[in-house]
Amino acid sequence: MRIIKSLAVIFLTLNFFSCDEDLSKDFKVLVEGKSKTFTNSEVLKASIKALKDHEVNSVDIKFQGELLKVQLSESFSIDLSQLKLGDHKLDVIIDINGEEVKLSETIKILNDDSPKLYTYEIVNTYPHDISAYTQGLEFHADTLYESTGQRGESSLRKVNYKTGEVLKHVELDQFYFGEGLTILNDKIYQLTWQSQEGLVYDLETMDLLSKFAYSESKEGWGLCNDGEQLYKSDGTNKIWILDPESLEEESYIQPTTHKAVLNQMNELEWVEGKIYANTYQKDGVVIIDPKNGAVEGVVDFRGLREKVKQHSNLDVLNGIAYHKSTQRLFVTGKNWNKLFEVKLIEK
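Rules and cut-offs
- Residues numbered from 1 in each chain as written.
- Predicted model: local features only at pLDDT ≥ 70, side-chain atom pairs only at ≥ 80, totals over all residues.
- Heavy atoms only, no water.
- Helix = DSSP H or I, 4+ residues; strand = E, 2+ residues; numbered from the N terminus.
- Rg over C-alpha atoms; globule rule 2.2 N^0.38 Å.
- Contact = heavy atoms within 4.5 Å.
- Lys, Arg positive; Asp, Glu negative; His and termini not counted.
- Charge placed at Lys NZ, Arg CZ, Asp CG, Glu CD.
- Pairing = 2+ DSSP bridges.
- Axes fitted to C-alpha atoms, helices over the stretch in contact; angles between N-to-C directions.
- Buried < 20%, exposed > 50% of the residue type's maximum accessible area, 1.4 Å probe, protein only.
- Polar contact = N/O pair within 3.5 Å; in protein donor to acceptor, adjacent residues only side chain to side chain.
- 1 Å grid on protein atoms, 1.4 Å probe; cavity = no way out; pocket = protein on both sides within 12 Å on 5 of 7 lines; lining within 4 Å.
- Points joined across faces, edges and corners; volume = space filled by probe spheres on them.
- Nonpolar A, V, L, I, M, F, W, Y, C, P; charged D, E, K, R; others polar.
- Salt bridge = Lys/Arg side-chain N within 4 Å of Asp/Glu carboxyl O.

Q: How should I be thinking about the overall build of the protein chain in this particular structure?
A: Summing up its helical and strand segments, the protein chain has one helix and 28 strands in all. A compact globule built from 347 residues would reach a C-alpha radius of gyration of about 20 Å, whereas the protein chain, at 26 Å, exceeds it by more than 25%. Projected onto its principal axes, the C-alpha positions of the protein chain cover 85 × 60 × 40 Å. Long-range pairs, those at least 24 residues apart, make up 54% of the contacts in the protein chain with a sequence separation of at least 6. On the protein chain, the mean spot of the 40 positive side-chain charges and the mean spot of the 56 negative ones are 5 Å from each other.

See below:
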């Protein structure tokens, strides 16, 4: 029995080391050029090289949902003009006698154009509750809806924007930290920060209907919608696209300029086909193409914070609301006593 046991251990050990052999080290992805950073006006050219002899049955290239079948050492090209910007995995799957070997390279795609720069003009000023730690802001018809944060103080509000009066107020449970909100199909969707779930309310009664869980996204930050899908930021370099029924995270875009992939996109607002996003801790808003993540504009809101009451709890710019019927844009901040109607002016 001892001999049989010893032979079994030897067999299992040899088998383990055989299966654990890393064949991916025997291949290399050769990307043409000096770096793996491109713009969306370029074409990515590359090939797969074998560093050791293997009997290769097939080579598949996967990039942003596209599949290419190539031969070993054969060059291939990918037109980047219609693809999403940001950091993306180029996956190479090599079949060696039925065994799958996978290689990955990160390709960065930047926007070919630099963003337009905007400043602002204040058109009107309205009162705003100075105790509101504004996290989300959105109009439905002529009524403003607001989500506020801080544990033990988070709320959902219905507001008369002209007077600042809170028409209806729903308090969140103590352990929730309220974040962004959006309104779609007579429902209000509100994010919470680190609780890994969002809340769904009836628009008319503001009664809580259900909750939904986050998936791959790290936290809840900002939320908006295009009339069909929801867009959710989580503090990373991703803006997630959610199915309106299941609220599952189906895909994402990455806000990207001609120089870098951006992160910390906070409160979101859908404005005439674009996503306007506060950048956390900065006095600015970026304008994003929802199709590919290209940052098409940057709004400099410096100086606006100095126009509100200065106090110890005063915090950053956060809160964008678009009044669709009048095509007017409103902004405020955390614990600001004013809501500003603004007009953007290209520099």
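Q: It is not clear to me how the pairing of strand E9 (residues 116–127) should be interpreted in this structure. Could you clarify?
A: Consecutive residues of a regular strand have side chains that alternate between opposite faces of the sheet. Both E9 and strand E25 (residues 295–300) contribute to a ladder of three bridges, which runs parallel. Across the sheet, residue Tyr 118 finds its bridge partner in E25, namely Val 299. By the bridge criterion, nine bridges tie E9 to strand E28 (residues 338–346) in an arrangement that is antiparallel. Bridge pairing in E28 places Ile 122 opposite Val 342.

Q: Honestly, the sheet that holds strand E17 (residues 208–213) in this entry has me stumped. Any pointers?
A: Spatially, the four strands line up as an open sheet ordered E14-E15-E16-E17, and their pairing is antiparallel. One side of each edge strand has no neighbouring strand; the edge strands of this open sheet are strand E14 (178–184) and E17. Direction aside, neighbouring strands of the sheet carry axes that sit 20° apart on average. Bridging between strand E16 (residues 197–202) and E17 involves five bridges; their strand directions are antiparallel. The residue bridging Leu 199 from the neighbouring strand is Lys 211, located in E17.

Q: Mind showing me how you'd approach unusual backbone geometry here?
A: Across the chain, the bulk of peptide bonds are trans and the bulk of non-glycine residues have phi less than zero. With a phi angle near 65°, Asp 186 is a residue other than glycine that sits in the positive phi range. Along the polypeptide, Asp 186 turns up in the loop between E14 and strand E15 (187–192). At Gln 281, a position not held by glycine, the phi torsion is positive, near 70°. Following the sequence through the fold, Gln 281 ends up in the loop between strand E23 (274–279) and strand E24 (284–288).

Q: What is the right way to look at the pairing of strand E20 (residues 239–242) in this model?
A: Residues Ile 239 and Ile 241 of E20 are buried on one face, and the alternating residues Trp 240 and Leu 242, pointing to the opposite face, are buried as well. Note that strand E19 (residues 230–233) and E20 share four bridges and pair antiparallel. In the sheet register, Tyr 231 faces E20, and the bridge partner there is Ile 241. In sequence, E19 turns back onto E20 through a hairpin of five residues, with Gly 235 there showing a positive phi of about 90°. Note: E20 against strand E21 (residues 249–253), four bridges, orientation antiparallel.

Q: How should the side chain of Thr 39 be read in this particular structure?
A: With respect to the element layout, Thr 39 can be found in strand E2 (residues 37–39). Looking at Thr 39, its side chain comes within polar contact range of the side chain of Ser 41, at 3.0 Å. Setting aside anything within four residues of it in sequence, one finds Thr 39 in contact with Leu 80, Ile 109, Leu 110 and Asp 112.

Q: Help me out: how do you make sense of the sheet that holds strand E6 (residues 76–79) in this one?
A: Neighbouring strands of a sheet are bound in pairs by backbone hydrogen bonds; such pairs are parallel or else antiparallel. Ordered by their spatial adjacency, three strands build an open sheet running E1-E3-E6, and the pairing between neighbours is antiparallel. Strand pairing shows two members of the sheet lacking a second neighbour, strand E1 (27–31) and E6, which therefore form its edges. Geometrically, the sheet is characterised by an average inter-axis angle of 25° between neighbouring strands, direction not taken into account. Of the strand pairs in this sheet, E1 and strand E3 (residues 43–50) are connected by five bridges, and their pairing is antiparallel. When the sheet's bridge partners are listed, Leu 30 is paired in E3 with Ser 47.

Q: What is the right way to look at the environment of Lys 102 in this model?
A: Assignment of secondary structure puts Lys 102 in strand E8 (residues 99–110). Sequence spacing of Lys 102 and Tyr 280 is 178 residues, and the spatial spacing of their C-alpha atoms is 37 Å. Among all residues touching Lys 102, those that are not within four sequence positions of it are Ser 24, Asp 91, Val 92 and Ile 93.

Q: I'm lost on the layout of surface pockets in this one. Help?
A: Over the atoms, a rolled probe matching the size of one water molecule traces out where space is still vacant. Its volume calculated, the largest pocket comes out at about 410 Å³. Lining the largest pocket are 17 residues, with Glu 138, Phe 139, Trp 270, Tyr 322 and Lys 324 positioned closest to its centre. The set of elements that each furnish at least two residues to the lining of the largest pocket consists of strand E10 (134–140), E14, strand E18 (223–225), strand E22 (265–271) and strand E26 (317–323). Residue contributions to the lining of the largest pocket peak at three residues, all from E10. Of the residues contributing to the lining of the largest pocket, the split by class is six nonpolar, six polar and five charged.

Q: Even after reading the chapter, I still don't get the pattern of salt bridges, so can you show me in this structure?
A: Once their charged atoms are close, side chains differing in charge can pair, the charge on each being opposite to the other. What the rule picks out here adds up to nine salt bridges. Residue Lys 52 is joined to Asp 26 by a salt bridge in which the shortest nitrogen-to-oxygen separation is 3.9 Å. One end of the pair, Lys 52, is in the loop between E3 and strand E4 (56–63); the other, Asp 26, is in the loop between helix H1 (2–19) and E1, with 26 residues separating them in the sequence. Judged by its relative accessible area of 52%, Lys 52 is exposed. With its nearest N and O atoms 3.1 Å apart, the salt bridge here joins Glu 296 to Lys 274. Of this pair, Glu 296 sits in strand E25 while Lys 274 sits in strand E23, and the two are 22 residues apart along the sequence. By relative accessible area, which is 24% here, Lys 274 ends up partly exposed. Among the ionic contacts, a cluster of salt bridges with common partners joins Asp 300, Arg 302 and Lys 347.

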